[in-house]
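Working through the structure, step by step
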Amino acid sequence: MKAAGMDVPSGGGKKPAYGKKKGSSVEDKEDEAEEARKKAQAEAKKRAEEEAKKLAEEKRLEEERLAEEARKKAEEEDDAKDDWEDSDSGDEWDADSDASGPKLDALEKRLKHTSIDDSDDDEDLIEKEKRLERERLAELGKVRAERERIEAEKMAELRAREEEENKQLLLLTQKREEGKKRRLEQEKANLEARTRDDLRCPIVVIMGHVDTGKTKLLDKIRKTNVQEGEAGGITQQIGATYFEKKTLLTQTEKLNETEKFNLTLPGMLVIDTPGHESFTNLRSRGSSLCDVAILVVDLMHGLEQQTIESLTMLRKRGTPFVVALNKIDRCYDWKTCKDTPIRDALKVQSEGTVQEFRSRADSAKLQLQEQGVNSNIYWEMGDEDWTNSDFVPLVPTSAITGEGVQDILLLLCQIAQRKLWRQLMWCANLQATVLEVKAIDGLGMTVDVLVVNGYLREGDKAVFCTLDGPVVTEIRGLLTPPPSREMRVKSEYIHHKEIKGALGVKLIGNGLEKVMAGTPVMVVGEYDEEEDIKEEVMSDLSRLQDKLSTDKKGVMVQASTLGALEALLQFLREETKPPIPVSAIGIGTIHKRDVTKISIMNEKGCPEYATVLAFDVPVERDAREHANDVNVRIFTADIIYHLFDQFTRFMEQLTEKRREDAAGIAVFPSIVKILPQHVFNQKDPIIVGCEVVEGILKVGTPLCVPALGGLTVGIVTSIECNGREQETAKKGSSVAIKIVNETNPTITYGRQFDASHSLYSQLSRASIDALKLHFKDKLENEDWRLVVKLKKVFGII
């Protein structure tokens, strides 16, 4: 092309490719743009060179054609002999004109134009790429700025919200503190406003061992029979009974003719606390509420386990009490004097009966003295004894025929008025405790509350304690049983607009399902702060949470009331050996969903815990059917002992079955020394006398000789001692054993082994695991040490 006098421009018209993947950073994107620009330039240059070559070739061909035409024309003119000068002049001009004619000019213009256009296109593409990149980066900058602005707004809003929350929390804390201060000031003012003229009912608790006659004693006072409604004659729940003043006057009328005691108490509230040993928590709750106690002692048996426990509890709390020497009517030849004062009843008894009573009473006094309690028959106590707070009066009673009941009632009233009047002065501060939570047909979930002091009114905003936090509810109803009837016994309830302590009341409201027994009840007053009251109510929760904590693997426990549930949990975990783990708890009827919940224990590999222990609750029919389908056992009982006995029997049967299944695998550790003077048969079956040097030798134990490379001697098929067969022989025993070797019947004593070799139990990893799992309690510590020793002998890891 240079020969043709044309410069070929570098550049082409092809545009760069788009749509390539962009880098994650601006630098990567700039590199990609630069690379695309260079590629476009190279392609444009190549295309321009090809175009220039093509145009140059066309020009060369055109020049050759014109030259050929000029030559031919010159020849023709020579032949025609025209004027050579004119012709020559014209032909040269034509040739020159043709040689640099318009076609060549056009080609040169096109070539130049193409080069200029290609260069312009390259420059435009580069500028365009730069411009687009600038626009993209500017857009990214805007997006980032907008994002930073939004984040800054959010942070500012969050800080403002936190500041507002802190402010609200501070305000709330301040209000709560102010409310607490007002409440404490009001309580202090109420305490100062108490007078001796306005006494509340003393709260009496009846305690003692099972079957000492506590509920019968109450029945005699009430002229009712709750005892028949209790399973096995054992009180299973806390009951609260209110005795009006007129009831007390009527009951003590005959005795008061001689005593001349002026009764000023408005009445008496008696909590009948269960005497069964598993209900320690209920007794603790009852005695923590009570002002004075009756400790019932069986005159025939003296102090028993739970009597001593109750005695310790009362002394620990500093609660004054009287001892009822019950069942005096069991004395020989006792003449019944129904419902009379005890001194009048003793006057008509024979001398022998009185002597027996004296003897048994002295024995009870001695037993009390052993426990550090000074006591005496109450009418024989002098003035010094009465003033001495350590002296305890004894009152002989009969819950069946009623002798001495008047005496004990009057004595309680005298103690309350003479010794306890300071703590019995009524106070406006609400002091109320939840006794039980129970569902009642037609009323829904109700709460039995013991109101000691203050008022409870219908419509009050009451605060209760639950595991999920405080519950605030409006009191929709206040119910009490008729006077001298117990809260547990179903009867027509009396509705009240207002309750004044001390009184037991059944409270109706919403959201009471999870209320915890033993927790306080408080009311949000007009000038109280709700948060302060909530905090105060929840303060005792930590003490109760430990009782209801559950295990990951264990049985399900279902009870009728929360108090019974707490007692059952305590019994299963503390009083059973070994403790029974509990994985789930519930209150009320057992439904199908409860069975499904505990059936997961089968999948966890603990089929023995796929069990429901149902205490005093009904079981739905479909739940029982579903339990059969999913292999879940439901044990039901009305007495806690029976429930434990059922589960214990089941566990013993299951353990025995597992031991039988594992007997073929488990091998007890033993080392046996053959007595050479007592070899009875040398060949299979080998019968020899031997001494158990270590461990326990059992029938079925495989024996070997480790000193001879683990030579298998055989399996012990029988053990005899003094002509009698036995299953085991312990360390130090000398017995005769028969050994059978089915795999090698030719083994002979004296040939392969002899008395110089000790025989060892042939242990394996599987046999040791079976021992640990099923026979752990059958082996002593020294037996386990032997297992460790044999593991080294046999190289067991």
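Below is a summary of the structure that appears in this document. Sequence order sets the numbering: in each chain, residues are counted from 1 along the sequence as written. Only residues with pLDDT of at least 70 get local features here, since the model is predicted, and only at 80 or more are side-chain atom pairs given and counted; chain-wide, interface and lining totals rely on the full set of residues. Water and hydrogen atoms play no part in the side-chain values, which are based on all heavy atoms of the structure.

On to the sheet that holds strand 9 (residues 444-453). The rule for pairing is simple: two strands pair if DSSP sees at least two bridges between them. Strands are runs of DSSP state E lasting at least two residues, helices are runs of H or I lasting at least four, and both sets are numbered from the N terminus onward. Pairing in this open sheet of 8 strands is antiparallel, and the strands run 12-11-17-8-9-16-13-14 from one edge to the other. Looking along the sheet, the strands with just one partner apiece sit at the ends: strand 12 (469-474) and strand 14 (494-496). Averaged over all adjacent pairs, the angle separating strand axes in this sheet is 40°, with direction ignored. Sheet analysis places strand 8 (residues 431-440) next to strand 17 (residues 520-523), joined by 2 bridges and oriented antiparallel. Its bridge partner being in strand 17, T433 is matched across the sheet by P520. Pairs of residues are marked as contacts when any of their non-hydrogen atoms sit within 4.5 Å. Axes here mean lines fitted to C-alpha atoms, for a helix over just the part in contact, with angles spanning 0 to 180 degrees between N-to-C directions. Here helix 14 (residues 530-537) sits on the sheet in contact with strand 11 (461-466), strand 12 and strand 17, set at roughly 35° to strand 11.

Helix 22 (residues 781-794) packs onto helix 21 (residues 765-774) with a crossing angle of 165° between their chain directions and a minimal axis gap of 12 Å. Between helix 21 and helix 22, the crossing angle belongs to the class labelled roughly antiparallel. The chirality of how helix 21 crosses helix 22 is left-handed. Of the residues in helix 22, those touching helix 21 at R765, I768, L771 and K772 are W784, V787 and K791. The scheme is simple: roughly parallel for angles under 35 degrees, roughly antiparallel for over 145, roughly perpendicular for 65 to 115, oblique for anything else. Should the near helix be turned anticlockwise from the far one by less than a right angle, the crossing is left-handed, and should it be turned clockwise, the crossing is right-handed.

Right, let's get into the sheet that holds strand 18 (residues 555-559). Taken in spatial order, the 4 strands line up as 19-18-20-21 in an open sheet, and their pairing is parallel. Only two strands of the sheet have a single neighbouring strand rather than two, namely strand 19 (582-587) and strand 21 (633-637). Neighbour-to-neighbour, the strand axes of this sheet turn through a mean angle of 20°, independent of strand direction. In terms of strand pairing, strand 20 (residues 611-615) meets strand 21 through 5 bridges, oriented parallel. Residue pairing in the sheet places L613 in a bridge with F635 of strand 21. Most of the contacts of helix 20 (residues 640-662) go to strand 21, to which it runs at about 150°, and overall it touches strand 18, strand 20 and strand 21.

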